Amino acid sequence: GLAEYVRTLDLEVNVDVQKLVDASCRTLTHGDVSLLKFVLFAGLYPRLAIPDERNSTRRESEATFHTRHCSGVTLHPTSVMNATEAQAAPGELLAYMELLETSKIFLCSLVRAPALHMLLLVAQRVEVSLCGSLLLVDRWLWFSLPSPSDFHRLLSAALTLRATLGEHLARRLRARKGASTSVPFDPEETQAQNLDAPSLPDDTPLFAREVL
């Protein structure tokens, strides 16, 4: 119909289709793959799953995973990733597209990604312990840091990347909307946000500061 014709015409006028075809046919570099993983992870966050630590003693069909609000969920039978492949390596997390509830709760459409690196770029709240060896992300995920000095370098890089990403997004939004002004990403402002979060257990270590 007319609407479909208008959409096709708009695509041909505003998008270099041949350029997209050529770009899609080239071999992806390690940097390209990392960027795609980040885009996927950022879009799926905070839909994260962690394999149960006892999965190694279970049959593959009995493997379970834990999300922030659900425990004991399993892989959907049609998943392209089997339970063995879904056992995230140390330092990795699983991001999922959706939870499907029938007779059980199933994880659907999984992707593995480096945990700490990705979380520092997309998390809303990051807190570090007084000694600098414990990290709490969005009042849910704990990380033990063997080298606090390495974490400080990683955090500095994450803050720089978050600020750069925010500036690029603000620039694109200004160009898209034709606005003359826009508010850039401010790490210090994000740091000061008071975000709602579930209460912590009584034995939670005292945290010195919120860093993101």
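Below is a short write-up of the structure. Here the structure is a predicted model, which is why all the values come from computation and not from measurement. (Residues numbered from 1 in each chain as written. Predicted model: local features only at pLDDT ≥ 70, side-chain atom pairs only at ≥ 80, totals over all residues. Heavy atoms only, no water.)

1. Overview of the overall build of the protein
Secondary structure assignment for the protein yields 6 helices and 9 strands. Per-residue burial over the protein gives 31% buried out of 212 residues. Contacts in the protein between residues at least 24 apart in sequence constitute 53% of all its contacts with a sequence separation of at least 6. Total accessible area on the protein stands at roughly 14200 Å², and carbon and sulfur atoms take up 56% of it. (Helix = DSSP H or I, 4+ residues; strand = E, 2+ residues; numbered from the N terminus. Buried < 20%, exposed > 50% of the residue type's maximum accessible area, 1.4 Å probe, protein only. Contact = heavy atoms within 4.5 Å. Areas by Shrake-Rupley, 256 points an atom, 1.4 Å probe, with all protein chains shown as cover.)

2. Some details on unusual backbone geometry
Looking along the chain, the bond that leaves Tyr-45 and enters Pro-46 is cis, with omega of 10°. Within the secondary structure layout, Pro-46 lies in the loop between helix H3 (30–44) and strand E1 (48–51). For Ser-109, which is not a glycine, the phi torsion comes out positive at approximately 60°. Take Ser-109: it is sitting in strand E5 (residues 105–114). Its identity as a non-glycine residue notwithstanding, Asp-138 has a phi of 50°, on the positive side. Take Asp-138: it is sitting in the loop between strand E7 (134–137) and strand E8 (141–144).

3. Section: the environment of Gly-72
Checked against the element boundaries, Gly-72 lands in the loop between strand E2 (65–66) and strand E3 (74–75). Along the chain, Gly-72 and Glu-62 lie 10 residues apart, while their C-alpha atoms are 9.7 Å from each other. Gly-72 has contacts with Thr-64, Phe-65 and His-66, leaving out every residue within four places of it along the chain.

4. Some thoughts on the nonpolar core
As a rule of thumb, nonpolar side chains are buried together in soluble globular proteins. Core analysis: the largest hydrophobic core is formed by 26 residues, its most contacted members being Phe-41, Tyr-45, Leu-48, Leu-119, Leu-135, Val-137 and Phe-143. At the level of secondary structure, the elements contributing two or more residues to this core comprise H3, strand E4 (92–101), E5, helix H4 (115–122), strand E6 (126–129), E7, E8 and helix H5 (148–177). A total of 6 residues in this core trace back to one element, the largest contributor, which is H4. Residues Ala-49, Ala-63, Val-73 and Leu-94 belong to the second largest nonpolar core, which totals 10 residues. (Core = buried A, V, L, I, M, F, W, Y, C linked by side-chain atoms within 4.5 Å.)

5. Considering a nonpolar patch on the surface
On the surface, a cluster of nonpolar side chains totalling about 540 Å² of accessible area is made up of Leu-2, Tyr-5, Val-6, Leu-9 and Val-13. In this fold, Val-13 is placed in helix H1 (residues 2–14). (Patch = residues over 30% accessible without salt bridge, like charges linked within 9 Å, V, L, I, M, F, W, Y side chains within 5 Å. Salt bridge = Lys/Arg side-chain N within 4 Å of Asp/Glu carboxyl O.)

6. Some thoughts on the packing of H3 against H4
Between H3 and H4, the shortest axis-to-axis distance is 10 Å and the interhelical angle comes to 60°. Taken as axis vectors, H3 and H4 run oblique relative to one another. When you trace H3 past H4, the crossing you get is right-handed. Across from Ser-34, Lys-37, Phe-38, Phe-41 and Ala-42 in H3, the residues of H4 making contact are Met-118, Leu-119, Leu-121 and Val-122. (Axes fitted to C-alpha atoms, helices over the stretch in contact; angles between N-to-C directions. Parallel < 35°, antiparallel > 145°, perpendicular 65-115°, else oblique. Left-handed = near helix turned anticlockwise from the far one by under 90°.)

7. Section: the layout of surface pockets
There is about 440 Å³ of room inside the largest pocket. As for the largest pocket, its lining consists of 18 residues, and the residues nearest its centre are Phe-38, His-117, Met-118, Leu-121 and Leu-161. Secondary-structure elements contributing two or more residues to the lining of the largest pocket are H3, H4 and H5. For the lining of the largest pocket, the leading source of residues is H5, giving 7 residues. Along the lines of polarity and charge, the residues of the lining of the largest pocket split into 12 nonpolar, 4 polar and 2 charged. (1 Å grid on protein atoms, 1.4 Å probe; cavity = no way out; pocket = protein on both sides within 12 Å on 5 of 7 lines; lining within 4 Å. Points joined across faces, edges and corners; volume = space filled by probe spheres on them. Nonpolar A, V, L, I, M, F, W, Y, C, P; charged D, E, K, R; others polar.)

8. Observations concerning H5
Along its 30 residues, H5 runs 43 Å from first to last C-alpha, staying within 8% of the 44 Å computed at 1.5 Å per residue. Looking only at H5, the buried set comprises Phe-151, Leu-155, Ala-158, Arg-162, Ala-163, Gly-166 and Ala-170. Backbone geometry just after H5 places Gly-178 at a positive phi near 70°. (Expected span 1.5 Å × (residues − 1).)

Bear in mind that shape data such as this cannot, by itself, settle questions of function.
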